[in-house]
Amino acid sequence: MATILITTLSENTIPCVQLIKEMKDEIDDYFFVTTKEIEYYGSRTWIGDTLGIDTTHFGIVEAFLWDSVSETLDKQDFSKYDRIIVNIKCGTKVMFASTYYYFLMKYPQTEFIYIYQINKIYRWKLTPDRFSDFEEVKIFSKKLSLSEYLAANGVSVVQSEPIDYPFEMSEKIFKAYCRLENEQFAREKEIIRLKRNKVLSGDEFDTVKPYLDFLGFVPEEDGKLSKKETKFLSGEWFEQYVGFKIKQELGLSDEDILIGAEVGKNTYKYSKNDPMALVGAVAELETSDNEMDVMFVYNDEFYSIECKTSIIDANTGKIFLGETIYKSDSLQYRFGIQPHTAIMTLSDISECAKTDGIFDKNKVRNLNGIINRANISFIKLVDKKIILNTPRLFDTINPSWR
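Being a predicted model, the structure only gives us computed values, none of them experimental.

So, about the overall build of the protein chain. For the protein chain, the helix and strand inventory stands at 14 helices and 16 strands. Out of the 402 residues belonging to the protein chain, those deemed buried represent 52%. When contacts within the protein chain are restricted to residue pairs at least 6 apart in sequence, long-range pairs at least 24 apart make up 71% of them. Carbon and sulfur atoms form 49% of the exposed surface of the protein chain, whose accessible area is close to 19500 Å².

Right, dumping it as structure tokens:
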């Protein structure tokens, strides 16, 4: 019994990858309804690369012309298949409607699938004279790994050097850090921050030594901090703490989460005058120095977290939050239609934003403007007070509409 899956394509590849992974054992052939614009974007190639399937059987249509879809489908022989399944989640409304109508009229035995939520299937069984209600709701049994999710969005990853220190050290620093008063060891922390990825020794080491003693951190070499140690103490420990806590809370595997990685978007070389030249196109990685602190997939949804021990310069009072929001906002488009983005800090944002807080009125207005920008960009801000008063770290970033 030969089975074919027909898929309408858009920039949103995740519903297509989910369904194919779920039904891969049942499918013999694939056909994709695509457009020139989607071919340039790379969706079809990313799907094939992610799941190891043949995606060379496809038709390019005009996204907003009904007849273009039916004429393209007419060139194919679908009568040889005993079972036809059509995934009409993606594509334009014209692609959706015309593909549905074409198969409804010519192959009334067709099964139509629409993925209503990120991890549910609504399966429709239709007849020419009746549009049935949703007949079946099915939860996907096969979850996407982080690497599959990223690959499906054309994202390549270069893993940073693993953190050598055990999680217990990061947990110890976190507990000590949260006990510090606002100004205690501010100068010492700033010296280490400015020496990130550099050796710290001499008078500067003598200055930060009381802070190291408070943390119980013993350098590998007396009288100096190595590049690895300044990187860890200036904030890498917080990335490790956040990543490991969420991994424990959600029971994630190593395939589901990454701590510290550089990301780049895959592009494809092709002739714009000949979309068919895209068949077998070779992916090329964009140059990228965008490092992500924590990335993970949970229930087929993508989360990224930027971790900042402080968003305020202890000496100048300069606010770093705006730069972090700009980076997070500019990277969101890489990770699909609905990525969940958060910034975690051990600064007390709520206190800083008060008119009678530690900032003057101009800086308060500036900070409130930055916070509004984060809200507009759907970036969740999680500060020290929220972290300390929420039982699970994941609950601080889980979307409120769930």
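Right, picking up where we left off after that structure.
Here Ser304 shows up in strand β14 (residues 301–308). Taking relative accessible area as the criterion, Ser304 reaches 6% and is therefore assigned buried.

A few words on unusual backbone geometry. If you check the backbone angles, Asn197 has positive phi at about 65° while not being a glycine. With a relative accessible area of 40%, Asn197 lands in the partly exposed category. Even without glycine at this site, Asn299 takes up a positive phi of about 55°.

On to the packing of helix α7 (residues 167–179) against helix α9 (residues 202–215). In contact at an axis separation of 9 Å, α7 and α9 are set at 110° when each is read in the N-to-C sense. Classified by the angle between their axes, α7 and α9 sit roughly perpendicular to one another. When α7 is examined against α9, the residues Lys172, Ile173, Ala176 and Tyr177 are found in contact with a partner set consisting of Tyr211, Phe214 and Leu215. Across the contact of α7 with α9, the residue classes tally to six nonpolar, no polar and one charged.

Another point: the pattern of salt bridges. Applying the stated criterion to the full structure yields 15 salt bridges. Of the charged contacts, one joins Lys138 and Glu22 as a salt bridge, the two residues approaching to 3.8 Å between their closest N and O atoms. Of this pair, Lys138 sits in strand β7 (residues 136–139) while Glu22 sits in helix α1 (residues 14–23), and the two are 116 residues apart along the sequence. For the salt bridge of Lys228 with Asp164, the shortest nitrogen-to-oxygen distance reads 3.3 Å. Placement of Lys228 in helix α10 (residues 227–250) and of Asp164 in the loop between β8 (155–159) and α7 is noted, with a sequence separation of 64 residues between them. Given a relative accessible area of 33%, Lys228 falls into the partly exposed group. When its relative accessible area of 54% is taken as the criterion, Asp164 is described as exposed. One connected set of salt bridges, linked through shared partners, spans Glu26, Arg83 and Glu111.

Here helix α5 (residues 93–106) is 14 residues long and its end C-alpha atoms lie 20 Å apart, about the 20 Å a rise of 1.5 Å per residue gives. Of the residues making up α5, those classed as buried are Met95, Ser98, Thr99, Tyr100, Tyr102, Phe103 and Leu104.

Moving on, we get to the pairing of strand β15 (residues 340–345). Counting buried residues along β15, six of its six residues qualify, which places the element largely inside the surrounding structure. Relative to β15, β14 is paired through six bridges, and the arrangement is parallel. Counted as the bridge partner of Glu306 is Ile343 from β15. Sheet topology note: the β15/strand β16 (residues 379–382) ladder contains four bridges and is parallel. Within β16, the residue paired with Thr341 across the bridge is Ile379.

The next point concerns the environment of Lys142. Inspection of the secondary structure assignment puts Lys142 in the loop between β7 and α6 (146–152). A relative accessible area of 31% means that Lys142 is categorised as partly exposed. Put simply, Lys142 and Glu22 are 120 residues apart on the chain and 5.8 Å apart in space, counted from C-alpha to C-alpha. If sequence neighbours within four positions are ignored, Lys142 has contacts with Lys21, Glu22, Asp25 and Asp300.

A few words on the state of the cysteines. As used in these notes, a disulfide is a covalent bond between sulfur atoms, one from each of two cysteines. Overall, the coordinates contain zero disulfides when judged by the stated rule. Counting only cysteine sulfurs, Cys16 is the nearest neighbor of Cys90, a cysteine outside any disulfide, at a range of 3.9 Å. Among the residues examined, Cys90 registers a relative accessible area of 4% and is labelled buried.

Time to look at helix α3 (residues 43–51). Among the nine residues that make up α3, eight are buried, leaving the element largely enclosed by the rest of the structure. By the burial criterion, the buried members of α3 are Ser43, Arg44, Thr45, Trp46, Ile47, Gly48, Thr50 and Leu51.

Residues at a pLDDT of 70 or more form 82% of the protein chain, whose mean pLDDT is 83. The low-confidence segment residues 280–287 (pLDDT under 50) makes 20 contacts with residues lying over four places distant or belonging to another chain.

In total, this model carries 24 aromatic pairs according to the counting rule given. Ring geometry for Phe167 and Phe244: centres 5.5 Å apart, planes at 10°, overall stacked. Pair noted here: Phe167 is in helix α7 and Phe244 is in helix α10, with a separation of 77 residues, a long-range link. By relative accessible area, Phe167 is classed as buried at 8%. According to the relative accessible area criterion, Phe244 is partly exposed, its value standing at 30%. Taking 5.5 Å as the distance between ring centres and 65° as the angle between the ring planes, the aromatic pair formed by Tyr303 and Phe394 counts as edge-to-face. One end of the pair, Tyr303, is in strand β14; the other, Phe394, is in the segment after α14 (384–388), with 91 residues separating them in the sequence. Residues Tyr303 and Phe394 agree in their burial class; the two are buried. One aromatic cluster is present, formed by Phe31, Phe78, Tyr102, Phe103 and Tyr107 through successive ring pairs. Between Arg44 and the ring centre of Phe58, over which it is positioned, the NZ or CZ distance is 3.7 Å.

The rules behind the values
- Residues numbered from 1 in each chain as written.
- Predicted model: local features only at pLDDT ≥ 70, side-chain atom pairs only at ≥ 80, totals over all residues.
- Heavy atoms only, no water.
- Helix = DSSP H or I, 4+ residues; strand = E, 2+ residues; numbered from the N terminus.
- Buried < 20%, exposed > 50% of the residue type's maximum accessible area, 1.4 Å probe, protein only.
- Contact = heavy atoms within 4.5 Å.
- Areas by Shrake-Rupley, 256 points an atom, 1.4 Å probe, with all protein chains shown as cover.
- Axes fitted to C-alpha atoms, helices over the stretch in contact; angles between N-to-C directions.
- Parallel < 35°, antiparallel > 145°, perpendicular 65-115°, else oblique.
- Nonpolar A, V, L, I, M, F, W, Y, C, P; charged D, E, K, R; others polar.
- Salt bridge = Lys/Arg side-chain N within 4 Å of Asp/Glu carboxyl O.
- Expected span 1.5 Å × (residues − 1).
- Pairing = 2+ DSSP bridges.
- Disulfide = S-S within 2.5 Å.
- pLDDT = per-residue confidence, 0-100.
- Phe/Tyr/Trp six-rings, centres within 6.5 Å; stacked < 30°, edge-to-face > 60°.
- Lys NZ or Arg CZ within 6 Å of the ring centre and 35° of its normal.

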